[in-house]
Amino acid sequence: MSLQVTRNLRTVLFSEKILHEKSNVILYFIFGIAFYIPFEDLITIWLPLPNPAISAIRILPELLIYAILFRIVLLHFRQGIPLKKTPIDPLLISFIFCCIISVIANQADPIRSTNYLRVTWRYVAIYYTIVNIEVPSDKIDSLLTTLRNIGIFEGIFASLQFFIPASIKVAFAKGACDKALTKGSSCGSFTDSATLAGFLLISITLLIAYLLDKNSWNKHWGYNASFIALSYFGLFASKKRAALLVIAFVPALMFRHLKRRRFARTYIWLGISLGIVILFIVPILTTYFGLDTQESSAVQTDASSYFLRIFSTEYWDDFFLNARGWFIATIFDSLIQSGSIFGFSPHLPTTISRMVPYMDQAVNVIKLDRDRAVFYDPYWFSQLASYGIIGLSIYWGILLQLYRTSYRLIKTKITKEHQYIGAIFCSVILISFLYSFVERLFMLRTFSYYFWLFAGIVANLNNTLKTTGKGRVFL
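Residues numbered from 1 in each chain as written. Predicted model: local features only at pLDDT ≥ 70, side-chain atom pairs only at ≥ 80, totals over all residues. Heavy atoms only, no water.

All right, on to the overall build of the protein then. When helices and strands are tallied, the protein shows 23 helices and 0 strands. Relative to its full complement of 475 residues, the protein shows a buried share of 50%. Counting contacts in the protein only where the partners sit at least 6 residues apart, residues at least 24 apart contribute 75% of the total. Element-wise, carbon and sulfur atoms account for 67% of the exposed surface of the protein, whose accessible area totals about 22500 Å². (Helix = DSSP H or I, 4+ residues; strand = E, 2+ residues; numbered from the N terminus. Buried < 20%, exposed > 50% of the residue type's maximum accessible area, 1.4 Å probe, protein only. Contact = heavy atoms within 4.5 Å. Areas by Shrake-Rupley, 256 points an atom, 1.4 Å probe, with all protein chains shown as cover.)

In structure tokens, the structure reads:
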């Protein structure tokens, strides 16, 4: 087995035929990493190796992706084949220049700044790899099927963990999954509930798309709906309130993208009705029936306590005084006073030191440094602090271009598969944009890897349609 892997790796790195090879060895590696990531935490934490060795193992998939992209670029130049252009190229180059300006203007450490930048953008390499190779449709089908199955497994696994003691969850994660102790969260096969939620956002979207397929709807509706319900409960078990709220938009988005407006309207009206119940009736119930909306440091045995807490005044007071809201206000205030349109650099210590002169009270300075781990949670606002309004605008422009590229697949109406892939990625982009206001979603490997993988597949399919002359858009 190891000999075969070595031969495949040698083929990827040294063969002159990998750009057109029908066996698609490159895809085997990229898709293999996609199947490996959900179980990486569970595998590496139990390896009897020192921490440096574990860290080296965890970075190997990333280094392999870089090596594959480097080899593809080299072969293109050697064979005189131009690299495929994509809609995000000018924006991505502009974003890099914006980062350079921010680093120079704030005298930040360039090496550490690059490392901070790498955490968010490392999987863009997958995007450009997929764009510049052949991707057969049967391989895409295999990828989607496997990711759906892994998502079902993670949903069931996290659901089962919901009913077991927190100490067992932590022991299973070898001391990690600490939110199991403070919030009763499930982590699935991951070591953190945030990474579980990031992966389930992708897999649930795939499951919903599969359910909405007419053949699946007619033949296996109940069977597939039950898997979605289990995955939803797994997401519920992660105790990620914002993720649970955002994923509720996916069916409406899918209906809208697939031109099933009647179903979309019905779903939206049901959602509005449920929202009214939650906003007006639940607070009354919590008052008159004494439902607990306080979040203690102990494990929450009553799930309603955790989710209903967002309707309490204590939650919002804490949000604006001590949590994400405080960081958002502090970032805005510092940027306005400084007048910087390029932010305070991607290097977090430099960002914090640049914000300090614009803060009034010494206690706020201490809090800023003490709670720096929360800084990236309101992700779009942390990016605003790092790159300023210019950088954030370019970042959002990249997402907009990816959305437009994906939407073209829906409009072409060449095949049903193209439409569904376009609808899936359009939905993923929209929910990632919304969720990133409260979570560092693009910094999570369990989300960003699949995000850029789908982005590459969508761009590849669009290029194929243009090459074959089948890209006429039906408006």
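Time to look at the nonpolar core. Formed by 118 residues in total, the largest nonpolar core has its most connected members in Leu402, Tyr449, Phe451, Trp452 and Leu453. The element contributing the most residues to this core is helix α21 (residues 379-412), with 15 residues. Contact partners of Phe451, with chain neighbours within four places excluded, come to Leu399, Leu402, Phe425, Val428, Ile429, Ser432 and Phe442. Counting 6 residues, the second largest nonpolar core, distinct from the first, contains Val170, Ala173, Cys177 and Ala180. (Core = buried A, V, L, I, M, F, W, Y, C linked by side-chain atoms within 4.5 Å.)

Right, let's talk about helix α14 (residues 250-257) for a bit. Every α-helix winds through 3.6 residues per turn, so residues three or four apart in the chain are directed the same way. Summarising burial for α14: 7 of the 8 residues are buried, a large majority. Here α14 has its buried residues at Val250, Pro251, Ala252, Leu253, Met254, Phe255 and His257.

Turning our attention to the packing of aromatic side chains. The tally for this structure, following the rule as stated, stands at 41 aromatic pairs. For the ring pair Phe199 and Tyr450, a centre distance of 5.5 Å and an interplane angle of 65° mean the geometry is edge-to-face. Taken together, the residues Phe199 in helix α10 (residues 193-212) and Tyr450 in helix α23 (residues 445-468) connect sequence positions 251 residues apart. A relative accessible area of 0% means that Tyr450 is categorised as buried. Ring geometry for Trp396 against Phe433: centres 5.2 Å apart, planes inclined by 75°, an arrangement best described as edge-to-face. Placement of the pair is Trp396 in helix α21 and Phe433 in helix α22 (residues 416-435), with a sequence separation of 37 residues. Look at Phe433 and you get partly exposed, because its relative accessible area is 26%. Directly above the aromatic system of Tyr210 lies the positively charged group of Arg148, at a separation of 4.0 Å from the ring centroid. (Phe/Tyr/Trp six-rings, centres within 6.5 Å; stacked < 30°, edge-to-face > 60°. Lys NZ or Arg CZ within 6 Å of the ring centre and 35° of its normal.)

Attention now goes to the environment of Gln419. Structurally, Gln419 is set in helix α22. For the pair Gln419 and Arg408, spaced 11 residues apart in sequence, the C-alpha separation works out to 8.8 Å.

Another point: the state of the cysteines. This model, assessed by the stated rule, comprises 1 disulfide. Here Cys177 is linked by a disulfide to Cys187, with a sulfur-sulfur distance of 2.0 Å. Handedness of the Cys177-Cys187 disulfide follows from its S-S torsion of about 90°: it is right-handed. In this pair, Cys177 is assigned in the loop between α8 (166-172) and α9 (179-182) and Cys187 in the loop between α9 and α10, connecting sequence segments 10 residues apart. We note that Cys98 lacks a disulfide partner, and the nearest cysteine sulfur, in Cys99, lies 5.7 Å from it. (Disulfide = S-S within 2.5 Å.)

A word on empty space enclosed by the protein. Tallying each qualifying case throughout the model produces 2 cavities of 30 Å³ or more. Within this model, the second largest cavity holds a volume of roughly 40 Å³. Breaking the lining of the second largest cavity down by element, the ones donating at least two residues are α5 (110-121) and α21. Grouping the amino acids of the lining of the second largest cavity by side-chain chemistry returns 6 nonpolar, 3 polar and no charged. (1 Å grid on protein atoms, 1.4 Å probe; cavity = no way out; pocket = protein on both sides within 12 Å on 5 of 7 lines; lining within 4 Å. Points joined across faces, edges and corners; volume = space filled by probe spheres on them. Nonpolar A, V, L, I, M, F, W, Y, C, P; charged D, E, K, R; others polar.)

Right, let's get into the pattern of salt bridges. Enumeration over the complete set of coordinates arrives at 11 salt bridges. Close ionic contact of Glu40 with Arg445 constitutes a salt bridge, the shortest N to O distance being 2.1 Å. In this pair, Glu40 sits in helix α2 (residues 25-45) while Arg445 sits in helix α23, placing the two residues 405 residues apart along the sequence. Since its relative accessible area comes to 1%, Glu40 is described here as buried. Classification of Arg445 by relative accessible area gives buried; the value is 19%. A salt bridge links Glu439 to Lys240, with the nearest nitrogen and oxygen atoms 3.2 Å apart. Placement of Glu439 in the loop between α22 and α23 and of Lys240 in the loop between α12 (221-237) and α13 (241-247) is noted, with a sequence separation of 199 residues between them. Overall, the relative accessible area of 12% leaves Lys240 in the buried class. (Salt bridge = Lys/Arg side-chain N within 4 Å of Asp/Glu carboxyl O.)

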